[in-house]
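# Coordinate analysis (summary)
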Amino acid sequence: MATDFYEALGVAKTASTDEIQRAYRKLARQLHPDVNSDPGAEERFKEVSEAYQVLSDPEQRKKYDRFGADFRRAPDDFDERAYAGAGGRGGGRVRHSRASPGFGGASEGFEGFEGVDIEDLLGGLFRSRGAGGPIAGADQEAELELTVEEAYRGGRRHLSIAGAGERGYDVDIPAGVLDGQRIRLAGQGGRASGNAASGDLYLVVRIKPHPRYRLSGRDLTVELPVSPWEAALGATVPVLTPGGEVKVRVVPGSSSGRRLRLRGEGLPNPRGKPGDLYAEVRVLVPKKLGKRERELFEELAAVSDFDPRRT
């Protein structure tokens with residue numbers, strides 16, 4: 001982990017859940033690849049998303065505050081009373097020493113543990129690989145590509161991942177999953193030695209570009225082709241959403257670029273308000289006119305004083 005999660009979001013270590021959420025939303029709006037073409041924005045967006053996924057989960061945040069970069073290797077049954085009794089502050093962090101790669105040298109590189117046998121306190125969690133004890137499996141990551149429709153619906157999916165031993169996995173994808181969100185498969189990561197636990201496999205969601213929809217967070221934008229008379233007079237026209245076809249009212253006098261909002265028709269949100277869908281009006285004219293159509297357009301041109309270059 002190259003960056004502290006709190007620093008990535010620009011919040012203090014004492015930040016509340018609401019403060020963390022507000023910071024993430026602000027950064028996500030600035031850094032999302034759909035709105036920011038800067039070459040470094042995508043990597044920064046991934047970094048911010050990972051930080052939010054951890055710090056917004058109380059259990060993950062508690063582990064992160066205790067163990068820092070190594071929090072995913074911490075056992076679920078870690079005895080916090082023993083930790084507190086050893087002199088660690090409530091939100092203390094175990095830091096890996098630069099001088100002792102591979103977690104070797106238990107007495108070096110830890111803050112707030114003077115005079116404490118770290119190996120004994122943590123049950124050998126950070127024991128050197130050369131010591132011969134059980135070694136927990138490493139966590140692993142893989143990308144999971146989804147279409148907008150798959151992200152919208154969610155559901156169960158079977159997949160094989162290259163580089164993970166070509167093992168097959170049955171994955172439950174939550175409806176409304178976001179780009180950059182991680183899905184945890186407990187115990188499906190790196191193999192362990194001895195009786196230690198295997199690592200976890202984290203699937204990082206990547207939503208593929210779509211020919212119809214533009215995605216920003218949970219909001220979707222889709223082009224809505226309309227005829228000149230529909231744009232001028234108003235009309236109720238169909239628009240296709242990931243959830244099916246719905247009707248939208250085109251307001252009289254709509255020009256290309258006008259955005260019509262359909263509340264709640266964006267990506268669902270299992271924990272709150274769903275996204276919206278924006279139908280962006282695009283006025284199209286016939287490529288070829290019939291005789292009567294031409295006559296009507298010529299008549300309109302003769303009687304109308306509308307000048308689009310002056311409006």
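Model, not experiment: these values are computed from the prediction.

## Some points on a nonpolar patch on the surface
Taken together, the side chains of Trp-229, Leu-233, Leu-289, Phe-297, Leu-300 and Val-303 make up a nonpolar region of the molecular surface, amounting to roughly 600 Å² of accessible area. Broken down by secondary-structure element, the contributors of at least two residues to the nonpolar patch are helix H8 (228-233) and helix H9 (291-303). Considering each element in turn, the nonpolar patch owes the most residues, three residues, to H9. Mapped onto the fold, Leu-300 is located in helix H9. Since its relative accessible area comes to 48%, Leu-300 is described here as partly exposed.

## Some points on the packing of helix H2 (residues 17-31) against helix H3 (residues 41-55)
One can describe the packing of H2 onto H3 by two numbers: an axis separation of 10 Å at closest approach and a directional angle of 160°. As the angle between them shows, H2 and H3 are arranged roughly antiparallel. For the crossing formed where H2 meets H3, the hand is left-handed. Of the residues in H3, those touching H2 at Ile-20, Gln-21, Tyr-24, Leu-27, Ala-28 and Leu-31 are Ala-41, Arg-44, Phe-45, Val-48, Ser-49, Tyr-52 and Leu-55. Residues of the contact of H2 with H3, tallied by class, amount to 10 nonpolar, two polar and one charged.

## What to know about the layout of surface pockets
Quantified by volume, the second largest pocket comes out at close to 600 Å³. Lining the second largest pocket are 18 residues, and of these Pro-228, Trp-229, Ala-232, Leu-300 and Phe-306 sit closest to its centre. Listing elements by their share of the lining of the second largest pocket, those giving two or more residues are H8 and H9. Along the lines of polarity and charge, the residues of the lining of the second largest pocket split into 12 nonpolar, five polar and one charged.

## Let's talk about the nonpolar core
One finds Val-171, Leu-203 and Leu-224 to be the most contacted residues of the largest nonpolar core, which totals 38 residues. Setting aside residues no more than four positions away along its own chain, Val-171 makes contact with Gly-155, Arg-156, Arg-157, Leu-159, Ile-183, Leu-185 and Leu-203. In terms of nonpolar packing, the next biggest core, distinct from the first, is built from 21 residues, Ala-23, Leu-31, Tyr-52 and Tyr-64 among them.

## Brief notes about the pairing of strand S11 (residues 277-283)
Most of S11 is tucked away: five of the seven residues are buried. Relative to S11, strand S7 (residues 219-226) runs parallel, the two sharing seven bridges. Across the sheet, the residue bridging to Pro-225 is Arg-282, located in S11. Of the strand pairs in this sheet, strand S10 (residues 259-262) and S11 are connected by four bridges, and their pairing is antiparallel. When the bridges of S11 are listed, Arg-259 appears paired with Glu-280.

What counts, and at which threshold
Residues numbered from 1 in each chain as written. Predicted model: local features only at pLDDT ≥ 70, side-chain atom pairs only at ≥ 80, totals over all residues. Heavy atoms only, no water. Patch = residues over 30% accessible without salt bridge, like charges linked within 9 Å, V, L, I, M, F, W, Y side chains within 5 Å. Areas by Shrake-Rupley, 256 points an atom, 1.4 Å probe, with all protein chains shown as cover. Salt bridge = Lys/Arg side-chain N within 4 Å of Asp/Glu carboxyl O. Helix = DSSP H or I, 4+ residues; strand = E, 2+ residues; numbered from the N terminus. Buried < 20%, exposed > 50% of the residue type's maximum accessible area, 1.4 Å probe, protein only. Axes fitted to C-alpha atoms, helices over the stretch in contact; angles between N-to-C directions. Parallel < 35°, antiparallel > 145°, perpendicular 65-115°, else oblique. Left-handed = near helix turned anticlockwise from the far one by under 90°. Contact = heavy atoms within 4.5 Å. Nonpolar A, V, L, I, M, F, W, Y, C, P; charged D, E, K, R; others polar. 1 Å grid on protein atoms, 1.4 Å probe; cavity = no way out; pocket = protein on both sides within 12 Å on 5 of 7 lines; lining within 4 Å. Points joined across faces, edges and corners; volume = space filled by probe spheres on them. Core = buried A, V, L, I, M, F, W, Y, C linked by side-chain atoms within 4.5 Å. Pairing = 2+ DSSP bridges.

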